[in-house]
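# A closer look at the structure
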Amino acid sequence: MRRGSNRAASAAGAPWRQWLILLALAAGAIVLLGRAIYLQVVHQSFLERQGNARIMREEKLSANRGMILDRNGEPLAVSTPVDTVWAEPRKLAQVPQDFARLAKVLDRDPKWLARRVTSSLDRKFVYLVRHMRPEDAAAVRALETPGVSTLREYRRYYPAGEVTGHLLGFTNVDDVGQEGLELAFDQWLGGQPGKKLVMRDRLGRTIEDIERIKAPRPGQDLRTSIDLRVQYLAYRELKAAVQANRAKGGSLVILDVATGEVLAMVNQPSFNPNDREQYAPSRYRNRATNDFLEPGSSIKPFIVAAGMGTGRYQTDTLVDTSPGMLRVGIKTVKDKRNLGTIDVATVLAKSSNVGVVKIALTLEPEQMWRTLDQLGFGRVTGSGFPGESAGILTSHQHWRPIAQATMSYGYGLSVTPLQLAHAYAVLGSGGIRRPVSLRAL
């Protein structure tokens, strides 16, 4: 009897438990439905932002750097398209089985690639190879390795190579000017990169361009004063002269005396700006603008000009150089031979040390200094070339007769090759000193 009574009581309580379970399930469904409505309707913008954050990315749009041209429009420096391979370390680290084939296409050691990735897990991206040829980068994309992408960039190319190396300088791997005209006019030549919004899949691959946020602004072309034909001739002749005289180096500058424009500027030894392994300061320094030297006898025409500026000397004025030597203080100035009494024109034609010293010593130190100063010695030419030296021209207040004498034939002062060429351009233009220009006027 008791057993039967328990069964009856249990059967009577069963419907209550069933309703309780159904009520719990209904409450859960209502909660889930409410949460879904809240997320889809009330909190929709939040979900969209979270979704976009996982699939939308901003990518850089590289800008083309402006060309450098000679005065006739011949290209001296151009930008060629290249591709840079980069990766998201965390995604790439999840597929270590792909390292070997990726490293092979990148022409890198697999161990290097593994270290590169695992040591950069806290970074959003890391460069794998900069400036690959587009066809090589296409092989990388074909692998479809998770987390690996390519970026279009530009690399500088210099058609004339070492002929224009010191003049143009070079850019770094980010296409920013580092030396020469590339540095002097970097703001003019450099472009402004843009941005675009892209959609990526779960492997990090770009599957669709959504919109261009900011268009890239290409750099402006620079037309220089250089005549590439004259530049080639100057380079050839300078190289031959250095070899013939077994010199350690040399510089050559050609100016247009009517405008002050630089038509050619070359140095020996030179370097090829297309070869980054040659980027050593001792090789790429432009000696024509940045190095100074004692000018020697090339200074004599300016001392004669200072003398003629006083009105006491003309081309036919006689100067007695006998007996071929002259004692000044403790120093004896000598000519190669006794030229006797010669006119001023012959003093220059024969490069007479005695003759030019006699002219210099008749000048007041301030007169001689003023002429050299007005010719541009002791100051930069204003060419704008990076690192240009001012040379050395001491104040006339410190000159003694021996200093004035030795300076008259090129010792005791220092000039750059560009300064010297500029001073000769003043003589060639009839005494008019025009600014030096590296841009076509």
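Everything that follows concerns the structure shown earlier in this document.
## Observations regarding the overall build of the protein
The helix and strand tally for the protein stands at 18 helices and 14 strands. Of all 441 residues assigned to the protein, the portion counted as buried reaches 42%. Residue pairs at least 24 apart in sequence account for 71% of intrachain contacts in the protein once pairs closer than 6 positions are excluded. Taken as a whole, the protein presents about 24,100 Å² of accessible surface, with 54% of it coming from carbon and sulfur.

## Regarding the pairing of strand β9 (residues 250-255)
As paired strands, β9 and strand β10 (residues 262-268) are joined by six bridges and run antiparallel to one another. Pairing of serine 251 across the sheet is with asparagine 267, part of β10. The turn joining β9 and β10, which pair antiparallel and follow one another in sequence, is formed by six residues; a positive phi near 85° is taken by glycine 260.

## Topic: the environment of leucine 61
Within the secondary structure layout, leucine 61 lies in strand β1 (residues 56-61). For leucine 61, a relative accessible area of 14% translates into the label buried. The spacing of leucine 61 and glutamine 192 is 131 residues in sequence and 9.2 Å in space, taken between C-alpha atoms.

## A few points about the packing of helix α16 (residues 365-374) against helix α17 (residues 401-408)
Between α16 and α17, the shortest axis-to-axis distance is 11 Å and the interhelical angle comes to 35°. Note that α16 runs across α17; the crossing there is left-handed. Here α16 contributes Pro365, Met368 and Leu372 to the contact with α17, which in turn contributes Gln404, Met407 and Ser408.

## Remarks on helix α6 (residues 134-143)
Buried residues of α6: Ala137, Val140 and Leu143, and no others. Take α6 and look down its axis: the buried residues cluster within an arc of 100°, on one side only. Contacts from the buried residues of α6 go to β3 (75-87), α4 (99-106), β4 (126-132) and β5 (148-157). Where α6 terminates, the next one or two residues include glutamate 144, which has phi positive at roughly 55°.

## Quick look at the pattern of salt bridges
Scanning all chains against the criterion turns up 19 salt bridges. Note that glutamate 153 and arginine 130 form a salt bridge whose closest N and O atoms lie 3.2 Å from each other. Of this pair, glutamate 153 sits in strand β5 while arginine 130 sits in strand β4, and the two are 23 residues apart along the sequence. For arginine 287, the salt bridge goes to aspartate 291, with nearest N and O atoms at 4.0 Å.

## Comments concerning the environment of arginine 400
In this structure, arginine 400 sits in the loop between α16 and α17. A C-alpha to C-alpha distance of 9.5 Å links arginine 400 and glycine 329, two positions 71 residues apart in sequence.

## Describing the packing of aromatic side chains
Taken as a whole and assessed by the stated rule, the structure comprises 10 aromatic pairs. Ring centres of phenylalanine 302 and tyrosine 424 lie 4.9 Å apart, and the angle between their planes is 65°; on these two criteria the pair is classed as edge-to-face. One end of the pair, phenylalanine 302, is in helix α13 (residues 300-309); the other, tyrosine 424, is in helix α18 (residues 417-428), with 122 residues separating them in the sequence. Accessibility expressed as a relative area gives 34% for tyrosine 424, which makes it partly exposed. Through a chain of ring-to-ring contacts, three or more aromatic side chains come together here, namely Phe170, Phe271, Tyr279 and Tyr284. The ring of tryptophan 112 is capped by arginine 108, whose NZ or CZ atom sits 5.8 Å from the centre of that ring. Across from the ring centre of tyrosine 127, 4.1 Å away, lies the NZ or CZ of arginine 130, which sits over that ring.

## Some words on the environment of valine 328
Considering the arrangement of structural elements, one finds valine 328 in strand β12 (residues 325-328). For the pair valine 328 and isoleucine 402, spaced 74 residues apart in sequence, the C-alpha to C-alpha distance is 5.9 Å. Dropping the residues within four chain positions of it, valine 328 is found in contact with Val333, Val357, Leu361, Pro401, Ile402 and Ala405.

## Section: the pairing of β3
Here β3 lies mainly inside the structure; 10 of its 13 residues are buried. Where strand β2 (residues 68-69) lies against β3, two bridges are found, and the strand directions are antiparallel. Opposite leucine 69, over in β3, you have proline 75 as the bridge partner. Turn length for the β2-β3 hairpin, with the two strands adjacent in sequence and antiparallel, is five residues, and the turn residue glycine 73 shows positive phi of about 90°. Where β3 meets β4, four bridges bridge the pair, whose relative direction is antiparallel. Bridging across to β4, valine 85 finds its partner in valine 129.

## Points about the side chain of glutamate 388
Mapped onto the secondary structure, glutamate 388 falls in the loop between α16 and α17. Here glutamate 388 sits buried without a salt bridge, and the closest side chain of opposite charge, arginine 433, lies 8.4 Å off (N-O distance). A distance of 2.7 Å separates polar atoms of two side chains, one belonging to glutamate 388 and the other to threonine 381. At 2.8 Å, the side chain of glutamate 388 and the side chain of serine 383 are in polar contact.

Calculation notes
Sequence order as written defines the numbering, with residues in each chain counted from 1. The model is predicted, so local features are restricted to residues of pLDDT at least 70 and side-chain atom pairs to those at 80 or more, both for listing and for counting; the totals for chains, interfaces and linings are taken over all residues. Heavy atoms throughout the structure, all of them, feed into the side-chain values; hydrogens and water do not. For helices the rule is a DSSP run of H or I covering at least 4 residues; for strands it is a run of E covering at least 2, with both sets numbered from the N terminus onward. Each residue's exposure class comes from its accessible area (1.4 Å probe, protein chains only) as a fraction of the maximum for that residue type: buried when under 20%, exposed when over 50%, partly exposed otherwise. Throughout, a contact is declared for two residues whenever any of their heavy atoms are within 4.5 Å. Note on areas: Shrake-Rupley, 1.4 Å probe, and residue coverage restricted to the protein chains presented here. A pair of strands is treated as paired once DSSP finds two or more bridges between them. To get an axis, a line is fitted to the C-alpha atoms, and for a helix only the part in contact is used. The angle between two axes follows their N-to-C directions and goes from 0 to 180 degrees. Crossings are sorted by hand: turned counterclockwise from the far helix by less than a right angle, the near helix makes the crossing left-handed, and turned clockwise it makes it right-handed. An arc is given here, and it is the one of the directions from the helix axis to the C-beta atoms. Definition used for salt bridges: Asp or Glu carboxyl oxygen within 4 Å of a side-chain nitrogen of Lys or Arg. Aromatic pairs are defined between Phe, Tyr and Trp rings, using the six-membered ring for Trp, whenever the two ring centres lie within 6.5 Å; interplanar angles under 30 degrees are classed as stacked, those over 60 as edge-to-face, and all others as tilted. Only when the NZ of Lys or the CZ of Arg is both within 6 Å of the ring centre and within 35 degrees of the ring normal is a charge said to sit over the ring. None of His or the chain ends enter the tally, which takes Lys and Arg as positive and Asp and Glu as negative. Polar contact criterion, stated in full: a pair of N or O atoms within 3.5 Å, where within protein one must be able to donate a hydrogen and the other to accept it, and residues adjacent in sequence count only if both atoms are side-chain atoms.

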